[in-house]
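Structure assessment
Each chain is listed here by its residues.
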Amino acid sequence: MKDSTAELARALESQGFEVSRVSRRAGAIFGNADADRLDDLRSVSEIHEIRPERSFALPPLSEKIPQ
């Protein structure tokens, strides 16, 4: 990790964010935090966006449904 990315990851961790992966190429830090920590995480300078995880499900496999 670049020093600035490492510093940002540490700042997020100090606000209750559990860092699981850092992508320097995408400029993204991935991880988990409780929903009640979102405002604290957004207050960290250099944070441009926080996106909650989304879940989805595929339909059951069927010859009649293209996948």
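See the structure above.
Residues numbered from 1 in each chain as written. Predicted model: local features only at pLDDT ≥ 70, side-chain atom pairs only at ≥ 80, totals over all residues. Heavy atoms only, no water.

When helices and strands are tallied, the chain shows two helices and two strands. What you see in the chain, going N to C, is helices and strands ordered as α-β-β-α. For 67 residues, the compact-globule estimate of 2.2 N^0.38 gives 11 Å, and the chain exceeds it by more than 25% at 16 Å. C-alpha atoms of the chain, sized along the principal axes, occupy 50 × 30 × 20 Å. A buried classification covers 13% of the 67 residues belonging to the chain. A total accessible area of about 6,100 Å² is found for the chain, and carbon and sulfur atoms account for 46% of it. Mean positive and mean negative side-chain charge positions of the chain (10 and 12 charges, respectively) differ by 8 Å. (Helix = DSSP H or I, 4+ residues; strand = E, 2+ residues; numbered from the N terminus. Rg over C-alpha atoms; globule rule 2.2 N^0.38 Å. Buried < 20%, exposed > 50% of the residue type's maximum accessible area, 1.4 Å probe, protein only. Areas by Shrake-Rupley, 256 points an atom, 1.4 Å probe, with all protein chains shown as cover. Lys, Arg positive; Asp, Glu negative; His and termini not counted. Charge placed at Lys NZ, Arg CZ, Asp CG, Glu CD.)

Following the criterion strictly, the structure yields two salt bridges and no others. Between Glu49 and Arg51 there is a salt bridge whose closest N-O contact spans 3.1 Å. Using a relative accessible area of 63% as the deciding quantity, one classes Arg51 as exposed. (Salt bridge = Lys/Arg side-chain N within 4 Å of Asp/Glu carboxyl O.)

Right, let's get into the pairing of strand S2 (residues 28-32). As judged from the five bridges shared by strand S1 (residues 18-23) and S2, these two strands associate in the antiparallel manner. Within the sheet, the bridge partner assigned to Arg21 lies in S2 and is Phe30. From the end of S1 to the start of S2, which pair antiparallel, there are four residues, and Gly27 there has a positive phi angle of about 65°. (Pairing = 2+ DSSP bridges.)

Here the structure, examined in full by the defined rule, presents zero aromatic pairs. The cationic tip of Arg21 hangs over the ring face of Phe30; the distance from NZ or CZ to the ring centre is 4.1 Å. (Phe/Tyr/Trp six-rings, centres within 6.5 Å; stacked < 30°, edge-to-face > 60°. Lys NZ or Arg CZ within 6 Å of the ring centre and 35° of its normal.)

Listed in full, the five residues of the largest apolar core are Leu8, Leu12, Phe17, Leu41 and Val44. In this structure Leu41 touches Leu12, Gln15, Phe17, Ala33, Ile47 and Ile50, once residues within four positions along its chain are discounted. (Core = buried A, V, L, I, M, F, W, Y, C linked by side-chain atoms within 4.5 Å. Contact = heavy atoms within 4.5 Å.)

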